[in-house]
Amino acid sequence: MIINLNEIPDEGLSYSFSRETGELNESLQELLEDSNYKVDFYLRPLGQGFELKGKGTAELPEMCSRCGIDIRLGLNAEFNEILMPKLKLERNSKYSKPNHISDNDHLENKNVNVTEFIKDEFDVGDFVREAFTLLVPICPVAEVDDKGNCNVCGVDINNTKFGYEEDMGENIKKSPFDILKNFKPQ
Ligand SMILES: [Zn+2]
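Model, not experiment: these values are computed from the prediction.

A.B. asks: Report on the overall build of the protein chain, specifying residues and quantitative values.
C.D. replies: Counting secondary structure elements, the protein chain contains three helices and eight strands. Buried residues in the protein chain amount to 18% of all 186 residues. Put simply, 60% of the contacts in the protein chain that link residues at least 6 apart link residues at least 24 apart.

A.B. asks: Can you break down the pairing of strand E4 (residues 49-63) residue by residue, with the values?
C.D. replies: Sheet topology places strand E3 (residues 37-46) next to E4; ten bridges connect them, and they run antiparallel. Paired with Leu 43 across the bridge in E4 is Leu 52. Linking E3 to E4, which pair antiparallel, is a turn of two residues; within it Gly 47 sits at a positive phi near 60 degrees. One ladder, built from 14 bridges, connects E4 with strand E5 (residues 70-85); its direction is antiparallel. Looking across to E5, one finds that Lys 55 is bridged to Glu 78. Linking E4 to E5, which pair antiparallel, is a turn of six residues; within it Gly 68 sits at a positive phi near 80 degrees.

A.B. asks: Which residues make up the confidence of the model for the protein chain, and what are the values?
C.D. replies: Caution applies to low-pLDDT regions: their predicted coordinates should not be interpreted in detail. Across the protein chain, pLDDT averages 84, with 75% of residues at or above 70. Mean pLDDT across the elements of the protein chain bottoms out in strand E6 (residues 99-100) (50) and peaks in strand E2 (residues 13-18) (98). Between residues 100-104, whose pLDDT stays under 50, and residues either more than four places distant or in other chains, the model counts six contacts. Predicted confidence is poor over residues 167-172, with pLDDT under 50, and the contacts of this stretch with residues over four places away or in other chains come to six contacts.

A.B. asks: Give me the lowdown on the packing of helix H1 (residues 25-32) against helix H2 (residues 124-133), citing residues and values where you can.
C.D. replies: Following both chains from N to C, one finds H1 and H2 inclined at 20 degrees, their axes separated by 9 Å at the closest point. Relative to H2, the element H1 lies roughly parallel. Once H1 is placed against H2, the crossing between them reads as right-handed. Contacts between H1 and H2 pair Ser 27, Leu 28 and Leu 31 from the former with Gly 125, Asp 126, Val 128, Arg 129, Phe 132 and Thr 133 from the latter. For the contact of H1 with H2, the per-class residue count stands at four nonpolar, three polar and two charged.

A.B. asks: Which residues make up the nonpolar core, and what are the values?
C.D. replies: By size, the foremost hydrophobic cluster in this structure holds 22 residues, and its most contacted members are Val 39, Ala 58, Leu 83 and Val 128. Filtering out sequence-adjacent residues up to four positions away, Leu 83 remains in contact with Gly 49, Phe 50, Leu 52, Thr 115, Phe 117 and Phe 122. Core analysis: the second largest hydrophobic core is formed by seven residues, Cys 67, Ala 142, Cys 150 and Cys 153 among them.

A.B. asks: Tell me what's going on with the environment of Val 144, and back it up with residues and numbers.
C.D. replies: Positionally, Val 144 belongs in the loop between H2 and helix H3 (176-181). In this structure the C-alpha to C-alpha distance between Val 144 and Val 155, which are eleven residues apart in sequence, comes to 9.2 Å. Look past the residues within four positions of Val 144 in its chain and what remains in contact with it is Asn 149, Cys 150, Asn 151 and Ile 157.

A.B. asks: Pulling in residues and values, what's your account of unusual backbone geometry?
C.D. replies: The backbone phi angle of Glu 33 is positive, close to 50 degrees, even though this residue is not glycine. Within the secondary structure layout, Glu 33 lies in the loop between H1 and E3. In this structure, Asp 120 takes a positive phi of about 60 degrees despite not being glycine.

A.B. asks: Give me the lowdown on the environment of Thr 160, citing residues and values where you can.
C.D. replies: Within the element layout of this structure, Thr 160 appears in the loop between H2 and H3. For Thr 160, a count of 17 C-beta atoms within 10 Å corresponds to the partly exposed category. Separated by 93 residues in sequence, Thr 160 and Cys 67 have C-alpha atoms that sit 9.9 Å apart.

Thresholds applied
- Residues numbered from 1 in each chain as written.
- Predicted model: local features only at pLDDT ≥ 70, side-chain atom pairs only at ≥ 80, totals over all residues.
- Helix = DSSP H or I, 4+ residues; strand = E, 2+ residues; numbered from the N terminus.
- Buried ≥ 20, exposed ≤ 12 C-beta atoms within 10 Å, placed from the backbone.
- Contact = placed C-beta atoms within 7 Å.
- Pairing = 2+ DSSP bridges.
- pLDDT = per-residue confidence, 0-100.
- Axes fitted to C-alpha atoms, helices over the stretch in contact; angles between N-to-C directions.
- Parallel < 35°, antiparallel > 145°, perpendicular 65-115°, else oblique.
- Left-handed = near helix turned anticlockwise from the far one by under 90°.
- Nonpolar A, V, L, I, M, F, W, Y, C, P; charged D, E, K, R; others polar.
- Core = buried A, V, L, I, M, F, W, Y, C linked by C-beta atoms within 7 Å.

Structure, rendered in structure tokens:
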């Protein structure tokens, strides 16, 4: 999905993408598989470039590193980006990397990132995929409720040995579902 930045009017334009609208499905396929996502942002001209503000949410298919059950991790991305024309075209680079703005830049908000674009083309799929990828945890775990029980499998995480722990306890070869057999609802 390429947005032609030439076509953005002075007052800006809003964009909204989701699994249903489909424009980003292909770009996000590897990361999100068939999960739902929603991306909303506003794009307006700012100086030589463009300002992009908005948010994205997605359900990332993952495996809980504690209990091994497939989970959907909620990803919440905030977009606060300046798009700037790339000044020098490098022969071998089709895509540019976003650069974090350093202290000596004029922008007061240090959470603003810069993405460069070439020939007035902004690749939304690349941008959104990168934003979501940065949020993927190294060690994804299912959420835990107030009592310390896993929201997915119901195990009390503080009193259960998990297979990845150094002490290779008896739970290592057990299926996570074996734990459920002993789980008595109260
Ligand atoms: Zn669990």
